[in-house]
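Coordinates in review
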Amino acid sequence: MNFTLKQLRYFDAALRSGSIARAATEMNISQSSITAAIDQIEQTIGAELFRRIPAKGLIATELGRAAGKHIAAFLDQSRVFESDLLSLVGDPTGTLRLACYEPTAPYVLPPLLRKIADSYPEVRIDVMEGDMLVVNDLLRSGSVDAVLTYRRYTHPDNRFVPLFRARPWALIPEHSPLSGQASVTLRDLAAQPLIMLDVHGTRDYFLTMFQHQSLTPDIVHSTKSGAVLRGLVGAQFGHAILNICGPNDRDRQGGYIATPIAGEVDVPLYGIAYAPQLENSAVVRAIIDTGTALARQGTFEHLLMEP
């Protein structure tokens, strides 16, 4: 091979940033090193991979974009290889790229990251968040190594390790006619104004629960933010449904109370999804082992409502 791993990394940085200057800043090296890496790879391939356009920076050619995909895939494999090689002589070492379904992140990430930091100090975790479509696309594209999400939207090609089932809660405003009840039904909720958590996968899940009982909810507001949803419920604009709630949702201090939903409801499975080729990756095994250990210890039980 007529180019080095370092040169491939420089090329990848230039392609992602679209600028020799930004790539040099990211990699903490000189601009001439970035330029030399690009020149070496172009000479080896025998084709122009970038066009240098004044005031616009680097523009990748079609062949450059294709080469960039192969280089990015190779760099990802080399990262996992390096991590696993270093882990042979001790605890897991390297970087784990982790994505998390955003509404659940404030509840499941802190204990998980704390435990990994304590148990595997040589593992660094880069976290990304998004809706279920985004995080699972990140996994399928190889942009992340593992995802914390619900099983229903995990691609069948990927593996899934369950952590817990998350039965839905109703958030009831303190001045609602339903306030004070030990539990509510979907029929009760269909007769009241509803605030919808409108992120990919979640909206369909909640609407399907009502449809299975031939009910149509009265949606008065929609939001993509769990914090905004709680604020609207607390301001008495309507009721809401969530699958994971913290202790603060049950103390009435926010102007609402989390209440069990009685009857037959779909209870989704939450866990860790990962690509099958990473089955034996040391850093992926670290998050799987940590997550399952926390689940066995009951770490997540305070977030869940049992029927």
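Report follows, based on the coordinates. (Residues numbered from 1 in each chain as written. Predicted model: local features only at pLDDT ≥ 70, side-chain atom pairs only at ≥ 80, totals over all residues. Heavy atoms only, no water.)

Some remarks on helix H5 (residues 105-119)
An ideal rise of 1.5 Å per residue puts 21 Å on 15 residues; H5 measures up with 20 Å between its terminal C-alpha atoms. Buried within H5 are the following residues: Ala105, Tyr107, Val108, Leu109, Leu112 and Ile116. (Helix = DSSP H or I, 4+ residues; strand = E, 2+ residues; numbered from the N terminus. Expected span 1.5 Å × (residues − 1). Buried < 20%, exposed > 50% of the residue type's maximum accessible area, 1.4 Å probe, protein only.)

Re the sheet that holds strand S7 (residues 169-173)
By definition, the strands of a sheet pair up through backbone hydrogen bonds, in either a parallel or an antiparallel sense. Here we have three strands laid out as an open sheet, ordered S10-S7-S11, and antiparallel in their pairing. The open sheet terminates on both sides in strands that have one partner only, identified here as strand S10 (240-242) and strand S11 (256-260). Geometrically, the sheet is characterised by an average inter-axis angle of 35° between neighbouring strands, direction not taken into account. The strands touched by helix H9 (residues 226-234) within the sheet are S7, S10 and S11, with S7 carrying the most contacts at an inclination of about 40°. (Pairing = 2+ DSSP bridges. Axes fitted to C-alpha atoms, helices over the stretch in contact; angles between N-to-C directions. Contact = heavy atoms within 4.5 Å.)

Thoughts on the pattern of salt bridges
In the structure shown here, the tally under the stated rule is eleven salt bridges. A salt bridge links glutamate 48 to arginine 51; the nearest nitrogen and oxygen atoms lie 3.7 Å apart. For glutamate 48, a relative accessible area of 45% gives the class partly exposed. On the accessibility criterion, arginine 51 (44% relative accessible area) is partly exposed. Measuring nitrogen to oxygen at the nearest pair gives 2.4 Å for the salt bridge that ties aspartate 266 to arginine 152. With a gap of 114 residues between them, aspartate 266 in the loop between S11 and strand S12 (269-274) and arginine 152 in the loop between strand S5 (146-150) and strand S6 (159-165) connect regions that are remote in the sequence. The partly exposed category is assigned to aspartate 266, whose relative accessible area is 35%. (Salt bridge = Lys/Arg side-chain N within 4 Å of Asp/Glu carboxyl O.)

A word on the packing of helix H1 (residues 5-17) against helix H2 (residues 20-27)
Closest axis-to-axis distance for the H1/H2 pair is 8 Å, and the angle between their directions is 125°. Taken together, the axis directions place H1 and H2 in an arrangement best described as oblique. With respect to the hand of their crossing, H1 and H2 are arranged in right-handed fashion. Contacts between H1 and H2 pair Arg9, Tyr10, Ala13, Ala14, Arg16 and Ser17 from the former with Arg22, Ala23, Glu26 and Met27 from the latter. The class makeup of the residues in the contact of H1 with H2 is five nonpolar, one polar and four charged. (Parallel < 35°, antiparallel > 145°, perpendicular 65-115°, else oblique. Left-handed = near helix turned anticlockwise from the far one by under 90°. Nonpolar A, V, L, I, M, F, W, Y, C, P; charged D, E, K, R; others polar.)

Here's the deal with the environment of arginine 167
Examined against the element boundaries, arginine 167 turns out to sit in the loop between S6 and S7. Under the relative-accessibility criterion, arginine 167 is labelled buried at 10%. Between the alpha carbons of arginine 167 and leucine 242 there is a distance of 8.6 Å; along the sequence they are 75 residues apart. One polar contact links the side chain of arginine 167 to the main-chain carbonyl oxygen of isoleucine 261, over a distance of 3.0 Å. (Polar contact = N/O pair within 3.5 Å; in protein donor to acceptor, adjacent residues only side chain to side chain.)

Concerning the packing of H2 against helix H3 (residues 31-45)
Running from amino to carboxyl end, H2 crosses H3 at an angle of 110°, the nearest separation of the two axes being 8 Å. Of the possible angle classes, the one that applies to H2 and H3 is roughly perpendicular. Contact with H2, carried on its side by Ile20, Ala21, Ala23, Ala24 and Met27, involves Gln31, Ile34 and Thr35 of H3 and no other residues of that element. Residues that form the contact of H2 with H3 fall into these classes: six nonpolar, two polar and no charged.

Description of the side chain of threonine 149
Mapped onto the secondary structure, threonine 149 falls in strand S5. Once residues within four sequence positions are removed from consideration, threonine 149 is found in contact with Tyr101, Met132, Val135, Asn136, Thr154, Phe160, Leu269, Tyr270, Gly271 and Ala273.

A word on unusual backbone geometry
Its identity as a non-glycine residue notwithstanding, glutamine 236 has a phi of 70°, on the positive side. Within the element layout of this structure, glutamine 236 appears in the loop between H9 and S10.

Describing the sheet that holds strand S3 (residues 94-101)
Taking strand neighbours across the sheet as the criterion, the five strands line up as S4-S3-S5-S12-S6 in an open arrangement whose pairing is mixed. For this open sheet the edge positions go to strand S4 (123-130) and S6, each flanked by a neighbour on one side alone. Neighbour-to-neighbour, the strand axes of the sheet open up by a mean angle of 20°, direction not taken into account. In the sheet, S3 pairs with S5 via three bridges, with the strands oriented parallel. Bridge pairing in S5 places cysteine 100 opposite leucine 148. Relative to S4, H5 is tilted by about 175°, and along the sheet it contacts S3, S4, S5, S6 and S12.

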